[in-house]
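# Descriptive analysis of the structure
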Amino acid sequence: MISVVVPAHNEAPVIGRLLRGLLAGARPGEMEIVVVPNGCTDDTAEVAASFGPAVIVVSLAEPGKYAALRAGDDNATGNEVVYLDADVEMDAGSLRALAAALAEPGVHAVAPERVVALERSSWLVRWYYDVWQELPGVREGLFGRGVIAVSPEGRKRLRDVPDVMGDDLAASVAFSPDERMVVPGARVVVHAPRTVADLVRRRVRSVTATTQLQRARPGTVDSARTSRADLIGILRRRPAYAPKMAVFLAVTVVCRQRAARAIRSGDFTTWLRDESSRAA
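Residues numbered from 1 in each chain as written. Predicted model: local features only at pLDDT ≥ 70, side-chain atom pairs only at ≥ 80, totals over all residues. Heavy atoms only, no water.

Turning to the pairing of strand E2 (residues 31-37), a few remarks are in order. Walk down a regular strand and you will see the side chains alternate between the two sheet faces. Most of E2 is tucked away, with seven of its seven residues classed as buried. Burial along E2 is two-sided: the residues Met31, Ile33, Val35 and Pro37 and Glu32, Val34 and Val36 are all buried. Two elements, strand E1 (residues 2-8) and E2, share seven bridges in a ladder whose sense is parallel. Bridge assignment links Val5 to a residue of E2, and that residue is Val34. With helix H1 (residues 12-24) bridging E1 and its parallel neighbour E2, the resulting β-α-β unit is right-handed. Sheet topology note: the E2/strand E3 (residues 55-57) ladder contains three bridges and is parallel. Considered in E3, the bridge of Ile33 is made with Val55. In the classification by handedness, the crossover that spans E2, the intervening helix H2 (residues 44-49) and the parallel E3 is right-handed. (Buried < 20%, exposed > 50% of the residue type's maximum accessible area, 1.4 Å probe, protein only. Helix = DSSP H or I, 4+ residues; strand = E, 2+ residues; numbered from the N terminus. Pairing = 2+ DSSP bridges. Right-handed = clockwise from strand over helix to strand, strands pointing away.)

Here it is as structure tokens:
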């Protein structure tokens, strides 16, 4: 059986979409879904509970993704555990593919191929993501997908991951390249921000989280960082991306400047959330 752990803070607009997609093609007894509403002021828990016994709801009074992941993991009984963000879309077939990949010798963490939904995003946001998705670290890492599946050994290792904002990056770099893989054929839909302001909010959090993890585990995020060679390589492969690269670099500079304020003050708890991708 596959255990699915879904931490959820005020995710009422999207949690039903995720659960319907997972359950639509599920076989009897194939998976257990543990939803952990944490610090919610909306009806996230009620929406999740409306799916009946197929969904276990474990509510926490205080907000906190790290605590929610731990609480969900404590209630998961499957051999393989999939940690899944509430605002993405995924189906049962992709879960099966992830579980099958974990059976390969030496593989302890896997994630699906990422499909970024950009239909409702502005052209500047689309251009940014066109470049972002070409970055080697983004293509090869397990972060930025909203889902990671682990073997029993991988599950133990994630217990040692520090409580940081960038939980998906921390989980990805906890495994060496030969211990993790992106599974062809499995897919997750990640909804992009609609506006540049929403994009900046999301990326400032990412920059801050990367710095926090670097301080907690020096050297671990080096492979995920973007280098000048990475950017030059994209332009060599895709010369027409030059205007898009300019947008990417401009957004990156703004985000690093804004993140620097939080980093200087030691603020690694303010969660800048993009609400536009959750809007109906």
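What follows covers the nonpolar core. One recurring pattern in soluble globular proteins: nonpolar side chains tend to sit buried together. Grouped together as the largest cluster of nonpolar side chains are 42 residues, with contacts concentrated most on Tyr83, Tyr129, Val150 and Phe248. Contributing elements (two or more residues each) for this core: strand E4 (80-84), strand E5 (109-117), helix H5 (123-132), strand E6 (147-150), helix H8 (167-173), helix H9 (196-216), helix H10 (228-237) and helix H11 (242-265). Here this core takes seven residues from H11, the largest share from any one element. One finds Leu84, Val110, Ala149 and Val188 within the second-largest nonpolar core, a separate group that totals 34 residues. (Core = buried A, V, L, I, M, F, W, Y, C linked by side-chain atoms within 4.5 Å.)

Here we take up the packing of aromatic side chains. Inspection of the entire model under this criterion finds four aromatic pairs. Plain terms: the ring middles of Tyr129 and Trp132 are 5.5 Å apart, the flat faces sit at 75 degrees to each other, and that makes the pair edge-to-face. Within this pair, Tyr129 and its partner Trp132 are both found in helix H5, separated by three residues, close to a single helical turn. A residue is classified by how much of its surface remains accessible, and Tyr129, at 5% relative accessible area, is buried. Take Trp132: its relative accessible area is 7%, and that puts it in the buried class. (Phe/Tyr/Trp six-rings, centres within 6.5 Å; stacked < 30°, edge-to-face > 60°.)

All chains considered together, the criterion is met by one cavity of 30 Å³ or more. Roughly 330 Å³ of volume is contained in the largest cavity. Broken down by secondary-structure element, the contributors of at least two residues to the lining of the largest cavity are helix H3 (65-74), E4, E6, helix H7 (152-158) and H8. Broken down by element, the residue count for the lining of the largest cavity peaks at five residues, all from H3. In terms of residue class, the lining of the largest cavity is made up of 12 nonpolar, one polar and eight charged. (1 Å grid on protein atoms, 1.4 Å probe; cavity = no way out; pocket = protein on both sides within 12 Å on 5 of 7 lines; lining within 4 Å. Points joined across faces, edges and corners; volume = space filled by probe spheres on them. Nonpolar A, V, L, I, M, F, W, Y, C, P; charged D, E, K, R; others polar.)

A few words on the pairing of E4. In terms of residue burial, E4 counts as a mostly covered element, since four of its five residues are buried. Where E1 lies against E4, four bridges are found, and the strand directions are parallel. Paired with Val4 across the two strands is Val82, which belongs to E4. As paired elements, E4 and E6 share four bridges and run antiparallel to each other. For Val81, the partnering residue across the bridge sits in E6 and is Val150.

The geometry of H5 relative to H11 is characterised by a closest axis approach of 8 Å and an angle of 95 degrees between their N-to-C directions. It follows that H5 is roughly perpendicular to H11 by the angle criterion. Between H5 and H11, the contacting residues are Leu124, Trp127, Tyr128, Asp130, Val131 and Trp132 on the first element and Pro243, Lys244, Met245, Val247, Phe248, Val251 and Thr252 on the second. Looking at the contact of H5 with H11, its residues break down into 10 nonpolar, one polar and two charged. (Axes fitted to C-alpha atoms, helices over the stretch in contact; angles between N-to-C directions. Parallel < 35°, antiparallel > 145°, perpendicular 65-115°, else oblique. Contact = heavy atoms within 4.5 Å.)

In this section: the sheet that holds E1. Paired through their backbone hydrogen bonds, the strands of a sheet run either parallel or antiparallel. In space, the seven strands of this open sheet follow the order E3-E2-E1-E4-E6-E5-E7, with mixed pairing throughout. The sheet is open, and its two borders are formed by E3 and strand E7 (180-191), each paired with just one other strand. Going from strand to strand, the sheet's axes swing by 20 degrees on average, the running direction of each strand aside. With nine bridges joining them, E5 and E7 adopt parallel strand pairing. Bridging from a neighbouring strand, Pro112 pairs with Val183 of E7. Running over the sheet, H1 touches E1, E2, E3, E4 and E7 and is turned about 170 degrees from E2.

This part takes up the side chain of Glu11. Mapped onto the elements of the fold, Glu11 is located in the loop between E1 and H1. The class of Glu11 is buried, set by a relative accessible area of 5%. Ignoring sequence-local partners within four residues, the contact set of Glu11 consists of Asp42, Thr44, Ala86, Asp87, Arg273 and Arg278.

By themselves these figures say nothing about function.
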